[in-house]
Amino acid sequence: MNIQPLLEALELQEQAARALADDLREQIDGLQNRLREAETHLEHLAITCTTVTSLADRLPAAAPDLPEHPDYPRILAAFNHATGPIRARDVCQALGHELLPKNAEGTRAKLKRLVRLGILIQADTGSFARKP
């Protein structure tokens, strides 16, 4: 019996298995490099997150969005110049509106909206101030 063809077939299979093993080792090496890069990136992200979180309390709070009406920035400007609480009637005058009940009530409604947004506080009944 001639075993030479069998040995040649086994050698071909061995070469194929060796080539597959070599290819898999290269893939594993590449994946290990990618894994190290991903882990390094994760460490950098964690450091960045820790840094940002520790600095967050030092950043000024973002001002809430004002309603879209031209009176709101002017109302806040009036409070920037005030030394204490202001009544709705005084704000109405600062805006240049006539001192009619409808204008005073409209201004009071805007002031109360700013209170709900957390920009102003209602100091006393009818008077408002900037939030400290």
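Residues numbered from 1 in each chain as written. Predicted model: local features only at pLDDT ≥ 70, side-chain atom pairs only at ≥ 80, totals over all residues. Heavy atoms only, no water.

1. As for the nonpolar core
Ile75, Phe79, Val91, Leu111, Leu114 and Leu120 are the most contacted members of the largest nonpolar core, which totals 13 residues. Residue assignment for this core shows that the elements contributing at least two residues are α2 (71–81), α3 (88–94) and α4 (101–116). No other element matches α2, which puts 4 residues into this core. Those residues within four positions of Val91 in sequence are excluded, and the remaining contacts are Ile75, Phe79, Ile86, Thr107 and Leu111. (Core = buried A, V, L, I, M, F, W, Y, C linked by side-chain atoms within 4.5 Å. Buried < 20%, exposed > 50% of the residue type's maximum accessible area, 1.4 Å probe, protein only. Helix = DSSP H or I, 4+ residues; strand = E, 2+ residues; numbered from the N terminus. Contact = heavy atoms within 4.5 Å.)

2. Quick word on the side chain of Asp71
Along the chain, Asp71 turns up in helix α2. Among the polar contacts made by the side chain of Asp71, one reaches the side chain of His97 at a distance of 3.3 Å. Ignoring sequence-local partners within four residues, the contact set of Asp71 consists of Leu95, His97 and Lys110. (Polar contact = N/O pair within 3.5 Å; in protein donor to acceptor, adjacent residues only side chain to side chain.)

3. Quick look at the sheet that holds strand β3 (residues 127–130)
Spatially, the 3 strands line up as an open sheet ordered β1-β3-β2, and their pairing is antiparallel. What marks the edges here is a single partner per strand, and that holds for β1 (86–87) and β2 (120–124). Relative to β3, β1 runs antiparallel, the two being bridged by 2 bridges. Following the sheet pairing, Arg87 is matched in β3 by Ser127. (Pairing = 2+ DSSP bridges.)

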